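# Structure assessment
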There are 4 protein chains.
Amino acid sequence: MHRLSFECDYTTGAHPEILKKLTETNSESLSGYGADHYCESAKEKIRALCNNDVDVFFLVGGTQTNSVVISSLLNSYEGVIAADTGHVSVHEAGAIEYTGHKVLTIPHHDGKIMPTELSDYISNFYNDENHEHMVFPGMVYISHPTENGTLYTKDELKEISCICKKYNLPLFLDGARLGYGLMSKNTDVSLADISHFCDVFYIGGTKVGALCGEAVVFKKSATPKHFMTTVKQHGALLAKGRLLGIQFDTLFTDNLYFSISLHAIEMAELLRTILSEKGYSFAWESFTNQQFVILENEQLEKLKEKVGFSFWEKADDNHTVVRFATSWSTRKEDVEKLRELL
Amino acid sequence: MHRLSFECDYTTGAHPEILKKLTETNSESLSGYGADHYCESAKEKIRALCNNDVDVFFLVGGTQTNSVVISSLLNSYEGVIAADTGHVSVHEAGAIEYTGHKVLTIPHHDGKIMPTELSDYISNFYNDENHEHMVFPGMVYISHPTENGTLYTKDELKEISCICKKYNLPLFLDGARLGYGLMSKNTDVSLADISHFCDVFYIGGTKVGALCGEAVVFKKSATPKHFMTTVKQHGALLAKGRLLGIQFDTLFTDNLYFSISLHAIEMAELLRTILSEKGYSFAWESFTNQQFVILENEQLEKLKEKVGFSFWEKADDNHTVVRFATSWSTRKEDVEKLRELL
Amino acid sequence: MHRLSFECDYTTGAHPEILKKLTETNSESLSGYGADHYCESAKEKIRALCNNDVDVFFLVGGTQTNSVVISSLLNSYEGVIAADTGHVSVHEAGAIEYTGHKVLTIPHHDGKIMPTELSDYISNFYNDENHEHMVFPGMVYISHPTENGTLYTKDELKEISCICKKYNLPLFLDGARLGYGLMSKNTDVSLADISHFCDVFYIGGTKVGALCGEAVVFKKSATPKHFMTTVKQHGALLAKGRLLGIQFDTLFTDNLYFSISLHAIEMAELLRTILSEKGYSFAWESFTNQQFVILENEQLEKLKEKVGFSFWEKADDNHTVVRFATSWSTRKEDVEKLRELL
Amino acid sequence: MHRLSFECDYTTGAHPEILKKLTETNSESLSGYGADHYCESAKEKIRALCNNDVDVFFLVGGTQTNSVVISSLLNSYEGVIAADTGHVSVHEAGAIEYTGHKVLTIPHHDGKIMPTELSDYISNFYNDENHEHMVFPGMVYISHPTENGTLYTKDELKEISCICKKYNLPLFLDGARLGYGLMSKNTDVSLADISHFCDVFYIGGTKVGALCGEAVVFKKSATPKHFMTTVKQHGALLAKGRLLGIQFDTLFTDNLYFSISLHAIEMAELLRTILSEKGYSFAWESFTNQQFVILENEQLEKLKEKVGFSFWEKADDNHTVVRFATSWSTRKEDVEKLRELL
């Protein structure tokens with residue numbers, strides 16, 4: 001019997017449609033480094049969805065994308081503002097600092113930054129007499145969904161975007177799990193909104209059905225000069241760019257990206273219902289594919305034997321927050337089976 | 001009719017066996033970041049071939065591998081010695097310098113460095129009264145095959161290795177096209193030799209049948225501490241490490257890596273015979289999958305219409321050196337067709 | 001009438017003895033880059049005071065010293081732990097991050113870090129399942145006196161040092177104002193203690209009577225290889241090293257460094273007494289040359305017209321914390337004059 | 001008897017006028033970090049001499065200045081073009097690479113770059129099909145006088161400047177020994193010319209009479225945003241900025257900078273005449289304060305006992321090139337004494 005696995009959203013391979021397409025196109029002779037027609041077609045599809053004058057680039061993974069995008073937008077004397085729980089703040093092994101830039105943290109609220117706190121941070125900086133001896137805020141980083149599975153509202157995005165415009169700071173949205181955010185039942189934010197409010201964002205592939213790959217979308221006015229050379233310099237340019245082009249072309253054909261994201265959301269909703277019914281409580285509310293459950297430590301040990309989930313953080317000496325994640329590949333029967341196991 | 005393509009060795013996708021394996025294993029739930037059993041199995045196979053106490057890591061691409069390996073081995077005051085034509089010297093958009101290190105160049109001879117010139121460079125450095133104001137040589141980089149398709153002999157490798165040992169400099173071999181070097185009809189260098197003489201080298205996947213991926217092999221004594229954290233910091237750690245593990249596991253099952261490399265060599269030999277018979281001359285001798293042909297500029301323009309090859313360098317005002325590359329996917333019938341076109 | 005100036009401890013030039021010595025030795029022909037006999041003599045005097053097997057180097061300024069020392073001790077995957085108010089955390093324009101390293105902050109307590117919180121931070125790091133995706137703690141930075149003028153006790157230093165030893169982390173003490181710490185009436189910490197407990201520290205010159213210059217003291221076992229080359233690489237190596245050698249040689253002749261520091265302490269004590277008598281209250285207790293006073297905002301505006309001090313931080317909407325600093329050059333008559341002005 | 005010393009131009013302290021001024025102003029209470037009236041006065045004097053809309057900044061040393069200026073002007077994907085003998089290329093311990101940028105070398109001609117070779121280098125770069133995988137030329141670095149003591153003509157400067165303008169590359173002139181270039185008997189280049197043709201240059205203090213200090217002059221249009229923050233980030237901002245302001249204010253009062261440079265030139269001319277008369281030959285012609293003499297190795301050993309000079313390079317197995325340098329502090333009687341010793 002196979003073990004139930006809710007550890008994360010990258011435990012399985014790629015959506016079968018992607019593998020099929022990779023196989024079908026395998027013997028085509030294509031130019032390297034992203035100059036092939038699949039990349040072009042994928043970019044066109046994404047540009048169309050963004051209702052916007054944008055440039056699209058394909059990179060391999062999330063940390064890489066954050067590091068390349070952030071370092072290409074900041075001046076040397078600038079840092080990036082992020083939530084103290086932001087992926088760039090804690091879980092990228094110092095990838096941002098490695099490029100010479102400080103991550104300037106502000107407190108998170110279930111993973112999100114608050115517009116007023118952002119605004120205060122920046123105005124305090126400029127009011128400080130010694131700010132010329134400090135790291136200038138150079139851009140703002142948010143994730144959507146956040147690491148906690150939470151989502152910004154359209155109003156919040158708008159407010160953050162206004163603050164960024166006021167101070168001339170690019171707004172960068174990390175969309176490693178963007179599909180799951182867009183398909184949430186509890187969001188008023190569309191892809192067009194994101195494209196409108198952000199100067200740059202990325203559409204996560206790795207965690208939404210691809211083997212690897214993130215599609216970076218820059219407002220044309222924000223695209224760094226010679227960005228592909230910067231990508232190469234960071235060791236982030238795939239020789240066989242087709243691997244990314246074909247995957248994203250497939251994901252944005254027939255709305256595949258959205259339909260598989262929706263499936264993950266439905267599985268997460270089902271999971272949440274089951275857990276609630278069984279009396280489990282949640283560390284905070286999430287309407288995306290990640291659910292954060294508070295377990296007694298004993299309960300945790302027992303449950304661990306039957307089902308896979310991941311440690312999130314200690315709640316107190318006797319309780320632990322754990323994460324259950326669904327994905328495009330989660331099977332309904334597996335979620336249902338959980339009901340029996342609890 | 002499809003156009004003949006000899007531009008490079010990464011125009012097609014992956015060896016079909018790889019796609020088959022990716023498809024078969026697709027729904028398996030596996031741990032991320034390389035902690036899956038396919039990665040482990042692939043590593044074991046490579047370790048066995050290296051007859052040696054080695055650690056194996058999988059990275060995504062060549063420039064990335066060079067950048068991560070070199071920066072993880074150098075002290076901050078050190079640079080890497082390389083041929084002035086070395087990939088790290090000219091064609092990686094400054095990826096090494098981006099990590100803070102100088103590439104210290106010595107002259108190439110058809111892409112290779114000469115042991116005596118290497119030795120002179122290092123001893124001259126230490127004899128210079130001002131060397132404390134200069135960049136210390138911290139390691140040696142060679143490529144095998146070189147960018148020019150040439151190969152070191154076992155004796156040359158041994159000599160270079162001796163010089164490195166004398167000065168306590170790690171020797172790093174860039175094997176982006178290693179398979180084509182090992183299967184050359186004109187080499188006395190085996191994989192075990194490379195593993196013996198080098199402190200670190202990589203077995204190229206991208207150009208030898210994989211969609212992406214390079215297998216880095218460190219002598220255990222040379223493996224940098226917390227190397228995976230460094231890989232993460234460089235944005236080089238794949239979440240779905242399976243993509244690399246499965247590919248290398250396939251390549252090192254039933255000698256696939258070697259048999260497909262041998263095929264490319266045979267196609268290159270045939271190509272060379274045909275070109276010779278037709279009276280073409282070569283810029284230098286190569287016994288690997290890349291052949292460098294001197295064309296009159298007019299001839300070049302005509303040939304370009306019928307067959308794909310790539311510009312290498314100007315020979316003189318009327319002549320140009322161009323590169324023909326074969327690969328695991330080159331079809332004999334295509335090479336034969338070239339005979340008719342010339 | 002000259003304006004009273006308590007803004008900081010670097011408003012005047014050098015101790016007259018230093019200028020005298022610079023003038024006397026001016027026409028001597030000396031080797032560059034620190035290879036002169038004044039540097040050697042100064043180093044010897046410092047080594048003797050440290051009762052210890054140490055290496056001494058002279059650098060130009062504080063931020064430079066922090067940046068060179070920290071980056072030369074850390075591995076690329078490591079960061080430096082510091083108080084969130086530490087100079088390296090906030091007031092060095094990202095100099096540490098510029099070298100590729102994260103400053104890992106823990107809460108300050110009047111500028112100091114607490115041993116238990118340091119210990120918890122490190123053990124939590126190693127207990128975190130995901131710590132391989134995080135920045136490794138690679139050394140500990142403390143300042144003594146702190147930016148808040150406070151001092152560690154000998155017991156605290158010992159505890160911090162034990163924690164560092166347990167985890168094999170170098171302990172670095174920023175002594176930009178070290179003289180004022182050592183001469184405080186309220187300390188049990190000697191220079192020998194600092195040399196014993198720290199792997200590296202620096203004796204500040206710029207703020208204690210020199211025109212510029214900081215003396216870095218490494219335990220021999222902690223001295224980075226080829227440190228002078230690293231200093232050169234950071235643009236921190238003075239051609240006329242004599243400028244630093246002569247200054248430190250003078251400061252460590254006849255206990256000048258200590259006697260001028262003691263004078264500053266006595267002036268600070270007098271200042272504190274006067275301010276107390278006049279009913280001013282202090283933001284926190286300091287027994288060094290910096291005193292932090294809480295002023296009503298109106299009071300502040302008035303006082304500003306008569307005497308120089310510096311803004312520290314807002315206490316609340318109506319109150320502000322300001323800093324009064326004395327130095328080796330503060331005149332008793334000026335402090336007394338303050339009594340009349342308040 | 002004191003030993004004759006022609007090793008370099010930084011063996012003595014500062015011009016006495018500077019020490020006098022430092023002493024006179026010593027007890028003045030001044031703002032830190034360059035915000036004092038001496039800095040302002042010095043800047044004004046330099047601006048006036050440059051006949052130009054320029055910004056002036058004071059840094060501490062030459063390598064530091066090169067590193068801060070170059071890194072603040074380059075985009076991350078760009079490198080700096082320099083002669084292969086340029087100070088930034090070989091004798092700064094990799095300071096430029098440490099900031100992430102490659103030094104792109106072209107051949108030197110007695111220390112100078114040739115306009116046609118510069119032009120060819122850049123146009124070849126843009127003609128290369130693969131140039132997006134290479135380091136973009138981002139600025140041009142020249143030294144004047146060069147490391148070999150040679151000087152550009154006004155026509156050469158103009159040509160280089162034209163090439164830079166054509167490709168929109170800032171031109172940076174390293175004037176570590178600028179005074180000695182301007183006062184050469186054999187130059188048609190004035191300070192105003194340099195200010196006209198260069199986007200940024202620096203007026204060397206360390207080697208022309210100061211204890212330390214270089215005055216960086218940017219065309220206003222080329223001044224990097226928040227340059228002082230970048231200076232701080234590099235650890236290059238002196239707390240007691242007065243040390244630099246007072247020195248440069250003195251050097252640019254009553255033409256001191258020029259008159260002491262002229263003295264050095266006259267001493268070098270005398271030295272050259274004496275050496276010529278005695279039958280010594282020169283490695284190349286220099287009309288500045290450095291003279292490069294070819295010695296038989298035996299002759300060298302003997303001469304070394306009586307007079308200080310520095311090793312430059314091996315000429316052949318039996319001959320060596322050595323450097324004699326004069327400075328503002330060279331005494332005529334010492335040069336005359338050399339006549340007797342030869």
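Residues numbered from 1 in each chain as written. Chains lettered and ligands numbered in written order. Predicted model: local features only at pLDDT ≥ 70, side-chain atom pairs only at ≥ 80, totals over all residues. Heavy atoms only, no water.

### Some points on the overall build of chain A
We count it as follows: Counting from the N terminus, the helices are the DSSP runs of H or I reaching at least four residues and the strands are the DSSP runs of E reaching at least two. Computation of the radius of gyration draws on C-alpha atoms alone. For the globule rule, the value is 2.2 Å times the number of residues to the power 0.38. Exposed residues in this analysis have more than 50% of their type's maximum accessible area, buried residues have under 20%, and partly exposed residues fall in between, with area computed by a 1.4 Å probe over protein chains only. Two residues qualify as a contact provided that any one of their heavy atoms is within 4.5 Å of a heavy atom in the partner residue. Positive residues here are Lys and Arg, negative ones are Asp and Glu, while His and the chain termini are left out of the count. By convention, the point assigned to a charge is CZ for Arg, NZ for Lys, CD for Glu and CG for Asp.
The helix and strand tally for chain A stands at 14 helices and 13 strands. Whereas a compact globule of 342 residues would reach a radius of gyration of roughly 20 Å, chain A reaches 20 Å, a difference of no more than 12%. When the 342 residues of chain A are sorted by exposure, 63% land in the buried category. Contacts in chain A between residues far apart in sequence, at least 24 positions, make up 72% of those at least 6 positions apart. Distance between charge centres in chain A, computed from 32 positive and 46 negative side chains, equals 6 Å.

### Quick notes on the packing of aromatic side chains
All names here are of chain A. Applied cut-off: Centres within 6.5 Å make a pair out of two Phe, Tyr or Trp rings, where for Trp the six-membered ring is used; the pair is then stacked when the planes are under 30 degrees apart, edge-to-face when over 60, and tilted otherwise. We count a charge as sitting over a ring when the NZ of a lysine or the CZ of an arginine lies within 6 Å of the ring centre and within 35 degrees of the ring normal.
Applying the stated criterion to the full structure yields 80 aromatic pairs over all chains. Chaining the aromatic ring pairs together yields one cluster made of Phe 58, Phe 248, Phe 252, Tyr 257 and Phe 258. Between the NZ or CZ atom of Lys 112 and the centre of the ring of Tyr 152, over which it lies, the distance is 5.5 Å.

### Observations regarding the domain arrangement of chain A
Residues and elements named next belong to chain A. For clarity, the cut-off: As annotated, the domain borders come from an automatic or database domain assignment. Put simply, buried area is how much 1.4 Å-probe accessible surface two parts lose in total, over both of them, once they are put together. A carboxyl oxygen of Asp or Glu within 4 Å of a side-chain nitrogen of Lys or Arg is what we treat as a salt bridge. N or O atoms within 3.5 Å of each other form a polar contact, as long as, within protein, one can give a hydrogen and the other can take it, and as long as residues adjacent in sequence are counted only when both atoms are side-chain atoms. We call Asp, Glu, Lys and Arg charged. Ala, Val, Leu, Ile, Met, Phe, Trp, Tyr, Cys and Pro are nonpolar, and the rest, Gly among them, are polar.
If you check the domain split of chain A, you get domain 1 (4-10 + 256-341) and domain 2 (16-251). The centre of domain 1, based on its C-alpha atoms, is set 27 Å off from the matching centre of domain 2. In this complex, domain 1 contributes 24 residues to the contact, which on the side of domain 2 involves 30 residues. With both chains or domains summed, domain 1 and domain 2 bury close to 2200 Å², and 66% of this area falls on carbon and sulfur atoms. Taken together, the connections running from domain 1 to domain 2 amount to one salt bridge. Where domain 1 packs against domain 2, one counts ten residue pairs in polar contact (both at pLDDT 80 or more). For the side of domain 1 that touches domain 2, a count of residues per class yields 13 nonpolar, six polar and five charged.

### Thoughts on the pairing of strand β8 (residues 214-219) of chain B
All names here are of chain B. Applied cut-off: Two strands qualify as a pair provided that DSSP identifies no fewer than 2 bridges between them.
Of all six residues making up β8, six are buried, and the element is well covered by its neighbours. The alternating pattern of β8 places Glu 214, Val 216 and Phe 218 and Ala 215, Val 217 and Lys 219 on opposite faces, both of which are buried. When strand β7 (residues 200-204) meets β8, the two strands line up antiparallel, connected through five bridges. Looking at β8, one finds that Val 200 is bridged to Phe 218.

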